[in-house]
Amino acid sequence: AFLQPLFETEGIVFPHQETETHEEGEYFLKVLIPSYAAGSIIGKGGQTIVQLQKETGATIKLSKSKDFYPGTTERVCLIQGTVEALNGVHDFIAEKVREMPQSTQKTEPVSILQPQTTVNPDRVKQV
């Protein structure tokens, strides 16, 4: 319930105009984060996300661990700050998402097919 109304347009960040308490030049960005990446974004005891907020000046809010965007297993991340701050946080999140752990990578099942043919002993002698 921490999410505030945003102007939702894919890939474009618009100012949040319904609140007068935010500073001029502050924007909001909502990003869906795969659940496997959330832990590395938050860090042990929240250290990584706190450090990221200090470095970028952004405010980052993440939905609870089982609070997924409807119809997905992805968590909602709301980022508030300057365009530069949003870009910095987005780059960090994208890097963590690209670091997909081996256990979550989808592997294709491999089937080894062996021919079920038999050779007539008389044919072997012909060759």
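Engineer: What exactly am I supposed to notice about the pairing of strand 2 (residues 59–62) here?
Structural biologist: Residues in a regular strand point their side chains to alternate faces of the sheet. Burial along strand 2 is one-sided: Ile-60 and Leu-62 are buried, and none of Thr-59 and Lys-61, which face the opposite way, are. Here strand 2 runs beside strand 3 (residues 74–81); their pairing, made up of four bridges, is antiparallel. Among the inter-strand pairings, Lys-61 is bridged to a residue of strand 3, identified as Leu-78.

Engineer: What is the right way to look at the nonpolar core in this model?
Structural biologist: Burial of nonpolar side chains together is a common tendency in soluble globular proteins. Ranked by size, the top nonpolar core spans 17 residues in total, and within it Ile-33, Ile-60, Cys-77, Ile-79, Val-89 and Ile-93 carry the most contacts. The set of elements that each furnish at least two residues to this core consists of strand 1 (27–34), helix 1 (35–42), helix 2 (47–56), strand 2, strand 3 and helix 3 (83–98). No other element matches the four residues that helix 3 contributes to this core. With residues near it in sequence (within four places) discarded, Ile-79 still touches Tyr-27, Phe-28, Leu-29, Val-31, Ala-58, Thr-59, Ile-60, Leu-86, Val-89 and Ile-93.

Engineer: Where do I start with the environment of Thr-73 in this structure?
Structural biologist: Its location among the elements puts Thr-73 in the loop between strand 2 and strand 3. Between the C-alpha atom of Thr-73 and that of Ser-35, which follows or precedes it by 38 residues, the distance is 6.4 Å. When sequence neighbours within four positions are dropped, the list of residues in contact with Thr-73 reads Ser-35 and Phe-68.

Engineer: What exactly am I supposed to notice about the pattern of salt bridges here?
Structural biologist: Opposite charge on two side chains permits pairing when their charged atoms draw close. Under the criterion given, the structure shown has two salt bridges. Between Glu-95 and Arg-98 there is a salt bridge, with its nearest N and O atoms 3.2 Å apart. With Glu-95 and Arg-98 both in helix 3 and three residues apart, the pair spans about one turn of that helix. Residue Glu-95 is classed as partly exposed on the basis of its relative accessible area of 37%. On the basis of relative accessibility, which here comes to 60%, the residue Arg-98 falls in the exposed class. Between Glu-99 and Lys-96 there is a salt bridge, with its nearest N and O atoms 3.8 Å apart. By relative accessible area, Glu-99 is classed as partly exposed at 43%.

Engineer: Explain the environment of Gln-53 here, please?
Structural biologist: Turning to its location among the elements, Gln-53 is positioned in helix 2. Looking at Gln-53, the relative accessible area reads 23%, which means it is partly exposed. Distance from Gln-53 to Ile-79, taken between C-alpha atoms, is 9.6 Å for residues 26 residues apart in sequence. If near-sequence neighbours (up to four positions away) are discounted, Gln-53 is found in contact with Ala-58, Thr-59 and Ile-60.

Engineer: Help me understand the sheet that holds strand 3, please; the structure alone is not making it clear to me.
Structural biologist: Sheet strands pair by backbone hydrogen bonding; their relative direction is either parallel or antiparallel. Reading across the sheet, the three strands line up as 1-3-2 and stay open at both edges, with antiparallel pairing between neighbours. A strand with exactly one partner marks an edge of an open sheet, and here the two such strands are strand 1 and strand 2. Taken pair by pair, the neighbouring strands of this sheet meet at an average axis angle of 20°, ignoring direction. Contacting strand 1, strand 2 and strand 3, helix 1 crosses the sheet at an angle of about 120° to strand 1.

Engineer: Is there a simple way to explain the packing of helix 1 against helix 3 in this structure?
Structural biologist: Geometry of a packed helix pair, given as the angle between the helix axes and the separation of the axes. Direction vectors running N to C along helix 1 and helix 3 enclose 125°, while the axes themselves pass 9 Å from each other. Taken together, the axis directions place helix 1 and helix 3 in an arrangement best described as oblique. Along this stretch, helix 1 crosses helix 3, giving a crossing that reads as right-handed. Between helix 1 and helix 3, the contacting residues are Tyr-36, Ala-37, Ser-40 and Ile-41 on the first element and Phe-92, Ile-93, Lys-96 and Val-97 on the second. Of the residues belonging to the contact of helix 1 with helix 3, the class tally is six nonpolar, one polar and one charged.

Reading the values: the criteria
- Residues numbered from 1 in each chain as written.
- Predicted model: local features only at pLDDT ≥ 70, side-chain atom pairs only at ≥ 80, totals over all residues.
- Heavy atoms only, no water.
- Buried < 20%, exposed > 50% of the residue type's maximum accessible area, 1.4 Å probe, protein only.
- Helix = DSSP H or I, 4+ residues; strand = E, 2+ residues; numbered from the N terminus.
- Pairing = 2+ DSSP bridges.
- Core = buried A, V, L, I, M, F, W, Y, C linked by side-chain atoms within 4.5 Å.
- Contact = heavy atoms within 4.5 Å.
- Salt bridge = Lys/Arg side-chain N within 4 Å of Asp/Glu carboxyl O.
- Axes fitted to C-alpha atoms, helices over the stretch in contact; angles between N-to-C directions.
- Parallel < 35°, antiparallel > 145°, perpendicular 65-115°, else oblique.
- Left-handed = near helix turned anticlockwise from the far one by under 90°.
- Nonpolar A, V, L, I, M, F, W, Y, C, P; charged D, E, K, R; others polar.

Without other data, these values stay purely geometric and don't point to any function.
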